[in-house]
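What follows is each chain in one-letter form.
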Amino acid sequence: MPTADLSLSGKVAIVTGASRGIGRSIALGLAEHGADVALAARKPEGLEEAAGAIAKLGRRAIVVPTNVRRIDELQALVDRTQAELGRVDFLVNNAATNPSFGAIQDMDERAFDMIMNTNVKSVHFLSNFARAAMLRHGQGGAIVNVSSIGGFRASDVIGGYSVTKAAVIMLTQVQAKTWGADRIRVNCIAPGLIRTEFARALWEDERIARGTIAESALRRIGEPDEMAGAVVYLCSPAASFVTGQTLVLDGGRLL
């Protein structure tokens, strides 16, 4: 076995929010290293394109339209992955929303419930379902939750999002502490400002973009493909002694 083994051959991953941006890049990165992938998102259009790209890499991919706010659809995602791809080894909880841009006191109940259910509740329940699937084959597994540097730094314009991402960081630690005996490692990545459609309102805002670049050691914002390598590492045997950690991918913004 290589000293630093990044191979994922023979493994099966579930990636939520996989139709574009960070999720799509992560799904392709896992496939490039040998994993078959179940692609989940609310709308199937982008998933079909991602599945085609994975097929060109010689790996299997299935498209599972999933609303992560529906618990029954989360269970169905895991069940279909097992039925069609044979097992579940990795889960990447990437799906997220941010329905409110502005002061925290202006977030109404509907927006609050939507962001909590999407960004926190779904991570809890889908992780539980994936854990049960991993226990069936008895070889352990890895879960990677996608947080944000917003989980470390308060925001006056996306405060609700920051609250949920801080919760994801702690949920990661609790899952890791509880499930280590099951040989299931749970880690987290915390991207900074990444050039995705999801974050367009931030990086297209000249004031916000300029401030972010000035604060970053690398003097730029990130690209979606730069997130994939960290997830491949955290799923791979190279990270076999790593659990409960949050890897900040922000170009040095929090330094």
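Scroll up to find the structure this text is about.
My aim in this report is to walk through the structure given alongside it, one point at a time. (Residues numbered from 1 in each chain as written. Predicted model: local features only at pLDDT ≥ 70, side-chain atom pairs only at ≥ 80, totals over all residues. Heavy atoms only, no water.)

## Some words on the state of the cysteines
Scanning all chains against the criterion turns up 0 disulfides. Considering cysteine sulfurs only, C235 is the nearest to C188, which forms no disulfide, with 13 Å between them. A relative accessible area of 4% places C235 in the buried class. (Disulfide = S-S within 2.5 Å. Buried < 20%, exposed > 50% of the residue type's maximum accessible area, 1.4 Å probe, protein only.)

## Focus on the packing of aromatic side chains
Enumeration over the complete set of coordinates arrives at 2 aromatic pairs. A centroid spacing of 6.5 Å and a plane angle of 40 degrees characterise the contact between F125 and F129, whose relative ring orientation is tilted. Of this pair, F125 and F129 both sit in helix α4 (residues 109-137), 4 residues apart, which is roughly one turn of that helix. Note on F125: relative accessible area 28%, which makes it partly exposed. Classification of F129 as buried rests on a relative accessible area of 17%. On the numbers, 5.9 Å between centres and 45 degrees between planes, the contact of Y161 with F198 is tilted. Linking Y161 in helix α5 (residues 159-179) with F198 in the loop between β6 (184-191) and α6 (200-203), this pair joins segments that are 37 residues apart in sequence. F198 gets classed as partly exposed once you look at its relative accessible area, which sits at 41%. (Phe/Tyr/Trp six-rings, centres within 6.5 Å; stacked < 30°, edge-to-face > 60°. Helix = DSSP H or I, 4+ residues; strand = E, 2+ residues; numbered from the N terminus.)

## Points about empty space enclosed by the protein
Summed over all chains, the structure comprises 1 cavity of 30 Å³ or more. Here the largest cavity defines a volume of roughly 30 Å³. At 3 residues, the largest contribution of residues to the lining of the largest cavity is made by α4. Along the lines of polarity and charge, the residues of the lining of the largest cavity split into 5 nonpolar, 3 polar and no charged. (1 Å grid on protein atoms, 1.4 Å probe; cavity = no way out; pocket = protein on both sides within 12 Å on 5 of 7 lines; lining within 4 Å. Points joined across faces, edges and corners; volume = space filled by probe spheres on them. Nonpolar A, V, L, I, M, F, W, Y, C, P; charged D, E, K, R; others polar.)

## Quick notes on the nonpolar core
Counting 34 residues, the largest nonpolar core has V15, L30, L39, I189 and V231 as the members making the most contacts within it. Those elements that provide at least two residues to this core are β1 (12-16), α1 (21-32), β2 (36-41), α2 (45-56), β4 (90-93), β5 (141-146) and α8 (228-235). In terms of residue count, α1 provides more of this core than any other element does, 6 residues in total. Every residue in contact with L30, bar those within four places of it in the chain, is listed here: L8, A13, V15, A35, V92, V231, V232 and C235. Membership of the second largest hydrophobic core comes to 24 residues, among which are V64, V68, V88 and A176. (Core = buried A, V, L, I, M, F, W, Y, C linked by side-chain atoms within 4.5 Å. Contact = heavy atoms within 4.5 Å.)

## Thoughts on the packing of helix α3 (residues 71-85) against α4
Running from N to C, α3 and α4 cross one another at 30 degrees; their axes reach a closest spacing of 9 Å. With respect to each other, α3 and α4 are oriented roughly parallel. The two elements α3 and α4 cross, and the hand of that crossing is right-handed. In this structure, α3 uses I71, L74, Q75, L77, V78 and Q82 to contact α4, whose residues at the interface are K121, S122, F125, L126, F129, A130, A133 and R136. When the residues that make up the contact of α3 with α4 are grouped by side-chain class, the tally is 9 nonpolar, 3 polar and 2 charged. (Axes fitted to C-alpha atoms, helices over the stretch in contact; angles between N-to-C directions. Parallel < 35°, antiparallel > 145°, perpendicular 65-115°, else oblique. Left-handed = near helix turned anticlockwise from the far one by under 90°.)

## Some points on the pattern of salt bridges
Counting across every chain of the model gives 13 salt bridges. The salt bridge partner of R60 is D36, with a shortest N-O separation of 3.0 Å. Residue R60 is located in the loop between α2 and β3 (61-65), and its partner D36 is located in strand β2; the two are separated by 24 residues in the primary sequence. Connected through shared salt-bridge partners, D36, R59 and R60 make up one network. (Salt bridge = Lys/Arg side-chain N within 4 Å of Asp/Glu carboxyl O.)

## Considering a nonpolar patch on the surface
Together, F152, V248 and L254 make up a nonpolar patch on the protein surface, roughly 230 Å² of accessible area in all. Its place among the elements puts V248 in strand β7 (residues 246-249). (Patch = residues over 30% accessible without salt bridge, like charges linked within 9 Å, V, L, I, M, F, W, Y side chains within 5 Å. Areas by Shrake-Rupley, 256 points an atom, 1.4 Å probe, with all protein chains shown as cover.)

## Some words on the environment of A4
Tracing the chain through its elements places A4 in the segment before β1. Along the primary structure A4 and Y233 are separated by 229 residues, whereas in three dimensions their C-alpha atoms are 9.4 Å apart.

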